Amino acid sequence: MPHRALSCYDVLFTVFQHFQSSESSWHDYDPTTDTVTTWYARDIGTANKRSLARCARVSRAFFHPAVALLWRNVDDLSGILALLRAVPLLPKDPDEILIRLPAKQLEQLAHLPEQAARALCYSRHVQTVADFRKKPSLGSIDGGSPAPWWIKGQHLFPQLSHIRWTQLVGGNTDILHVISPSLHSLHLVFRKPPARTDESQDCRAREPFVRDLMRQIVAKAPNLRYLRITTSGEVEESWFESVGELRRLETFDVLEPTARKASTDALLRALAVLPHLQHLRIHLPEAVTFSSALNMFPSLRTLTVDTMFAPLDVVPLVLSSVSSSTLEELIVVNYDCPTDIINKTLHTLTDTIRSKFSRSLRKFSISPSDVGLPPLLNQPLTIEPLFDVHGLEDIDLSIPLEAARPRRIRRAPALTDLALVPRRCPALTELVLPALAASAQMLDTAEQLAAHADFAPLRALRTFALADHGHGSRIADPRRLARCLDALFPAVDWRCPRWPTEAWVETVEELVQLRVARWRRTSGASCVL
């Protein structure tokens, strides 16, 4: 006879929680390879979901606690919305009292279609949506209608707190049917619309669409604390000014690779008055004009700015407007400053740091743009103000000196030498090469070594990068190189650098696809529908 504890929902839920993997990096996104590598590549959690799915099929007592955990973190919402779209038109639209009923009572309602009851039961448990699909939005999954209009987001997904959403510019707005005041974290990925004949008319329609969409998102999810926006250049930062109405926002990230000038002046003014903003990652515009407000950026703790399309002297101007006394981290990337004034600009920057953040700053990093040759400093570096910032723990000054001009690499590491790394360095976790030589003959040799019976891959390696981003490397066949690297280092989280060569991009994309295919073969977890 089964123990009485096995019929208690709370006890079973606590037991099944051991199968639930914590996912702390759900919002990691790699726009270069156009896919999510961190989530797809992970091995942990696959077996746990398989176990939960099996538990849900054991008995009705196991079903509800197992399903509650199984549907907590989902890849996308296509399964739930497909069930709701398949429901025939009801003789009477469900009212709010019906939608608010607990999941167990929904299943017992005879006048509610079984598919709708099951979908509403599952949707009550959804907390995180990863949105792994490459298609732009839910409405285009099967060409069907958008999300059911007769259910509000707060009733369909009452526990939804984290979501990554891929939005087609000018497409449908299904996200407005999904989000609710319970949403705390949002990663919004904008995709380019399909090519049209009248491109100018399409560009004029983008701005009002994006502005209106952001205004409605802000109105429906006023409790957002984390907001990240990824674009590929078709959306301007100035269209996100309504973010300034999110009074509880703590993290805002719009720092994505772009090939056009930033338009963040108005956005910076809107963000400056947010009382709880602690983490900011943003491109700086050519000029910044702040108001005369005294309490700007009052809670800022970390600041990362990209100055690729802005002069370096804009950074001290932005820092002068920060009133926070708790700024701990300042990162400046992609600066491009003329050689004759770089020393003066650096002195102004470090003097601003000393005068305002000498007690709080713990990390300072500055690095030049990796496009073209960086400015060379042929005189002593004047950063004496940093010596008075006694709390600094991490300083990274990537400032090329005249005497440190990089020399041409005479011989790049060969792929055949790389095949010996797993045997000689079994505990290696990070590998950065200046370049890579992968000729057709080397690929043949590496494939033979990887196919040998005694070969063992290096599973400890997590990071692999080429310092030249592929520009000085010789890659005969990117797809064959990808298969060799995947066999040598199966656990690497592959990512593309900014501005790589086409051969290296093709190699990394093939590596990601191989990783995804392997993950799909080994994962047998299936959601109960």
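Preceding this paragraph is the structure being described.
In short, a report on the structure. The structure presented is a predicted model; accordingly, all values stated were derived computationally and were not measured. (Residues numbered from 1 in each chain as written. Predicted model: local features only at pLDDT ≥ 70, side-chain atom pairs only at ≥ 80, totals over all residues. Heavy atoms only, no water.)

## Details of the pairing of strand 14 (residues 463-466)
The side-chain alternation of strand 14 yields one buried face, formed by Phe464 and Leu466, and one unburied face, formed by Thr463 and Ala465. In the sheet, strand 12 (residues 430-433) pairs with strand 14 via 4 bridges, with the strands oriented parallel. What sits directly across from Val432, in strand 14, is Ala465. (Buried < 20%, exposed > 50% of the residue type's maximum accessible area, 1.4 Å probe, protein only. Helix = DSSP H or I, 4+ residues; strand = E, 2+ residues; numbered from the N terminus. Pairing = 2+ DSSP bridges.)

## Description of the packing of helix 17 (residues 440-450) against helix 18 (residues 478-488)
It is the contact of helix 17 with helix 18, at a shortest axis distance of 10 Å, that shows an interaxial angle of 30°. Handedness of the crossing formed by helix 17 with helix 18: left-handed. Facing Ala440, Leu443, Asp444, Ala446, Glu447 and Ala450 of helix 17, the residues of helix 18 in contact are Arg480, Leu481, Cys484 and Ala487. Split by residue class, the contact of helix 17 with helix 18 holds 7 nonpolar, no polar and 3 charged. (Axes fitted to C-alpha atoms, helices over the stretch in contact; angles between N-to-C directions. Left-handed = near helix turned anticlockwise from the far one by under 90°. Contact = heavy atoms within 4.5 Å. Nonpolar A, V, L, I, M, F, W, Y, C, P; charged D, E, K, R; others polar.)

## Digging into the pattern of salt bridges
Going through the model one piece at a time under the given rule, you end up with 15 salt bridges. Ionic pairing is found between Asp265 and Arg269, a salt bridge with its closest N-O pair at 3.1 Å. With Asp265 and Arg269 both in helix 12 (residues 265-271), this residue pair falls 4 residues apart, about one helical turn. A relative accessible area of 34% means that Arg269 is categorised as partly exposed. Connected through salt bridges with shared partners, the residues Glu207, Arg211 and Glu241 form a single ionic network. (Salt bridge = Lys/Arg side-chain N within 4 Å of Asp/Glu carboxyl O.)

## Some details on the packing of helix 18 against helix 19 (residues 502-522)
The N-to-C vectors of helix 18 and helix 19 enclose an angle of 50°; their axes lie 8 Å apart at closest approach. On the basis of their axis angle, the class for helix 18 and helix 19 is oblique. For the crossing formed where helix 18 meets helix 19, the hand is right-handed. Contacts between helix 18 and helix 19 involve Pro478, Arg479, Leu481, Ala482, Arg483, Leu485 and Asp486 from the former and Ala503, Trp504, Glu506, Thr507, Glu510, Leu511, Leu514 and Arg518 from the latter. Its residues placed into classes, the contact of helix 18 with helix 19 shows 8 nonpolar, 1 polar and 6 charged. (Parallel < 35°, antiparallel > 145°, perpendicular 65-115°, else oblique.)

## Here we look at the side chain of Arg72
Mapping Arg72 onto the fold places it in the loop between helix 4 (60-70) and strand 1 (73-74). Salt bridges are absent for the buried Arg72, whose nearest opposite-charge side chain, Asp10, sits at 11 Å. (Lys, Arg positive; Asp, Glu negative; His and termini not counted.)

## Thoughts on the sheet that holds strand 2 (residues 128-129)
Spatial ordering of the open sheet is given by 1-2-3-4-5-6-7-8-9-10-11, a layout of 11 strands whose pairing is parallel. Of all the strands in the sheet, the pair left with one neighbour each is strand 1 and strand 11 (394-397). Of the pairings in the sheet, the one linking strand 1 to strand 2 comprises 2 bridges and is parallel in character. Bridging across to strand 2, Val74 finds its partner in Val129.

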